[in-house]
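# Coordinates in review
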Amino acid sequence: MPRHNKSIQSSGAGDGANNGVDASGDGCTAALRAAAVMLARYQIYSLRRLFEEFERDILLPLLLGEIALHNIGALENSGESVFSGDAEQIAYTLRPCNAYSIAAATGLPRETVRRKIVRLVELGWITRQENGHLYLTPRAIEHFGKLLGSRDLPELLDAAERIRRRIAR
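Parameters and conventions
Residues numbered from 1 in each chain as written. Predicted model: local features only at pLDDT ≥ 70, side-chain atom pairs only at ≥ 80, totals over all residues. Heavy atoms only, no water. Axes fitted to C-alpha atoms, helices over the stretch in contact; angles between N-to-C directions. Helix = DSSP H or I, 4+ residues; strand = E, 2+ residues; numbered from the N terminus. Parallel < 35°, antiparallel > 145°, perpendicular 65-115°, else oblique. Left-handed = near helix turned anticlockwise from the far one by under 90°. Contact = heavy atoms within 4.5 Å. Nonpolar A, V, L, I, M, F, W, Y, C, P; charged D, E, K, R; others polar. Core = buried A, V, L, I, M, F, W, Y, C linked by side-chain atoms within 4.5 Å. Buried < 20%, exposed > 50% of the residue type's maximum accessible area, 1.4 Å probe, protein only. Polar contact = N/O pair within 3.5 Å; in protein donor to acceptor, adjacent residues only side chain to side chain. Arc of directions from axis to C-beta.

### Regarding the packing of helix 5 (residues 99-106) against helix 6 (residues 110-123)
Between helix 5 and helix 6, the least distance of the axes is 9 Å, while the angle of their chain directions is 120°. Classified by the angle between their axes, helix 5 and helix 6 sit oblique to one another. Handedness of the crossing formed by helix 5 with helix 6: right-handed. When helix 5 is examined against helix 6, the residues Ala99, Tyr100, Ile102, Ala103 and Thr106 are found in contact with a partner set consisting of Arg110, Val113, Arg114 and Ile117. For the contact of helix 5 with helix 6, the per-class residue count stands at 6 nonpolar, 1 polar and 2 charged.

### Comments concerning the nonpolar core
Among the nonpolar cores identified, the biggest contains 25 residues, and Leu64, Ile67, Val113, Leu120, Trp125, Ile126 and Leu136 are the most heavily contacted of them. Ranked by the residues each element gives to this core, the list is headed by helix 3 (residues 59-78), at 6 residues.

### Details of the side chain of Lys116
Here Lys116 shows up in helix 6. In this structure the side chain of Lys116 is engaged in a polar contact, spanning 2.5 Å, whose partner is the side chain of Asp57. Discounting chain neighbours no more than four positions away, the residues touching Lys116 are Asp57, Leu59, Leu60 and Leu63.

### Some words on helix 5
Listed as buried for helix 5 are Ala99, Ile102 and Ala103. End-on view of helix 5: buried residues confined to an arc of 100°, all on one side of the axis. Turned more than 90 degrees away from the buried face of helix 5, the exposed residues are Tyr100 and Ala104. For helix 5, the side-chain oxygen to backbone nitrogen distance between the N-cap and Tyr100 is 3.1 Å, and the N-cap itself is Asn98.

### Side note on the environment of Gln43
Here Gln43 is to be found in helix 2 (residues 30-53). Note on Gln43: relative accessible area 43%, which makes it partly exposed. Along the primary structure Gln43 and Ala159 are separated by 116 residues, whereas in three dimensions their C-alpha atoms are 10.0 Å apart.

Here is the structure:
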């Protein structure tokens, strides 16, 4: 059982620290339940917004996100600066992925992934080279980079701060 599940289900007995769990053994404290609701509210709001932004097709942002993680994740782990420079410079340093690796990462059927990739190419968010390598486009990097900085990240940080305050009560 994962460690976090164990601490939520335990009674808090033993080490003297309750780890956010009721001493009565009832499970999560009211603060943790409230935090879970706040986090769920943020996630649902974000999903609804993505659903609308991507032609009411929730798989498109999922696949775009996986492609982005494949492209940028390798650079991030290597210690290279991912977001230094403009979108054209960033696009030049991306690491490739392909439909197979995206299908494996998402657990979606390869044919579904291939169809959705065609749509992401049509929308101009990714490019597909002749060898099948997939890359974010400079347009996608610029658009979503600005979007994350202007809306999503501040909203996530705000939700995290509200959760922190609620748990600290």
